[in-house]
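# Summary of the model geometry
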Amino acid sequence: MKALLLIDIQNDFLPGGSLAVPGGHEILPLVNELQPSYELVVATQDWHPAQHQSFASQHPGCQVFQQIDLHGLSQTLWPDHCVQGSPGAEFSPALEQHRIEAIFRKGTTPEIDSYSGFFDNGHRKSTGLADYLRGRGVQQVHLCGLAADYCVNFSALDALQEGFAVTFLEAATRAISAEGYAQARQELLRRGARIA
């Protein structure tokens, strides 16, 4: 059984959002077209409390995109984004959602960020996604969404670690940084992911 994972296709990551991924809106027609080919479609949603410590606004004197140490982990400071219940945290209205069977929210703990749909960045807490997929008999996951070099990449790496066969749907993702994605892509291939 193979599942399609839609990673963080939310307003704040699309043009006009507070952390817009360049060209993010371009994936939407393809993502919608892909969904009927899968037995199971699951989505992840960045879902931060307003005081999330990955936000630069929570660190006086720090700048957006600055690197800091946050409770022992390296942390990029982001603009406030995907705040729980805000319009920016909602899925794009252009995303077809009627096939989505489950939504896994991440980044809900103020002290730690969570790029992956499976675990927080310290692997301290699971979202339950891997167990859900195993419970449904899933062996292969295909990933798309935003952003290729962050949340899609880290979700793919964790899926590999959890024993799933992973296909990264490159045309249905966009990256924040081309260099960052080039590095992520090499690592994904090295770890056994397929890029389609």
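Anything mentioned here points back to the structure above.
So, here's what we can say about the structure. The shown structure was predicted, so the numbers you read here are calculated from the model rather than taken from an experiment.

## A look at empty space enclosed by the protein
On inspection of all chains with the given rule, the structure shows two cavities of 30 Å³ or more. Considered as a void within the structure, the largest cavity measures approximately 120 Å³ in volume. For the largest cavity, the lining is made up of 14 residues, of which Phe-13, Leu-19, Trp-78, Tyr-150 and Cys-151 are closest to its centre. Here the residues of the lining of the largest cavity are counted per class, giving ten nonpolar, two polar and two charged. What the second largest cavity holds in volume is close to 30 Å³. In terms of lining residues, the second largest cavity is bounded by Leu-70, Leu-73, Ser-74, Gln-75, Glu-111, Ile-112 and Asp-113. With three residues, the top contributor of residues to the lining of the second largest cavity is strand E4 (residues 73–76). The class makeup of the residues in the lining of the second largest cavity is three nonpolar, two polar and two charged.

## Section: the pairing of strand E1 (residues 2–7)
Every regular strand shows the same layout, with side chains that alternate between the two sheet faces. Extensive coverage of E1 is indicated by the burial of five of its six residues. Pairing between E1 and strand E6 (residues 140–146): six bridges, direction parallel. Bridging across to E6, Leu-5 finds its partner in Leu-143. Strand direction decides the pairing type here: E1 and strand E2 (residues 40–46), joined by five bridges, are parallel. Considered in E2, the bridge of Ala-3 is made with Leu-40. With respect to chirality, the unit in which E1 leads through helix H1 (residues 28–34) into the neighbouring parallel E2 is right-handed.

## Re helix H4 (residues 178–190)
A rise of 1.5 Å per residue sets the reference length of H4, with its 13 residues, at 18 Å; its end C-alpha atoms lie 18 Å apart and thus fit the reference within 8%. When H4 is considered as a whole, its buried residues turn out to be Tyr-181, Ala-184 and Leu-188. Axial view of H4: buried residues confined to an arc of 65°, hence all on one face. Of the residues in H4, the exposed ones pointing more than 90 degrees away from the buried face are Glu-179, Gln-183, Gln-186 and Arg-190. Buried-residue contacts for H4 involve helix H3 (151–161), strand E7 (165–174) and strand E8 (194–195). Measuring from the backbone nitrogen of Glu-179 back to the side-chain oxygen at the start of H4 gives 3.4 Å, which picks out Ser-177 as the cap. Taken from the residues just after H4, Gly-192 is the one with a positive phi, measuring 105°.

Criteria and cut-off values
Residues numbered from 1 in each chain as written. Predicted model: local features only at pLDDT ≥ 70, side-chain atom pairs only at ≥ 80, totals over all residues. Heavy atoms only, no water. 1 Å grid on protein atoms, 1.4 Å probe; cavity = no way out; pocket = protein on both sides within 12 Å on 5 of 7 lines; lining within 4 Å. Points joined across faces, edges and corners; volume = space filled by probe spheres on them. Nonpolar A, V, L, I, M, F, W, Y, C, P; charged D, E, K, R; others polar. Helix = DSSP H or I, 4+ residues; strand = E, 2+ residues; numbered from the N terminus. Buried < 20%, exposed > 50% of the residue type's maximum accessible area, 1.4 Å probe, protein only. Pairing = 2+ DSSP bridges. Right-handed = clockwise from strand over helix to strand, strands pointing away. Expected span 1.5 Å × (residues − 1). Arc of directions from axis to C-beta. Contact = heavy atoms within 4.5 Å. Polar contact = N/O pair within 3.5 Å; in protein donor to acceptor, adjacent residues only side chain to side chain.

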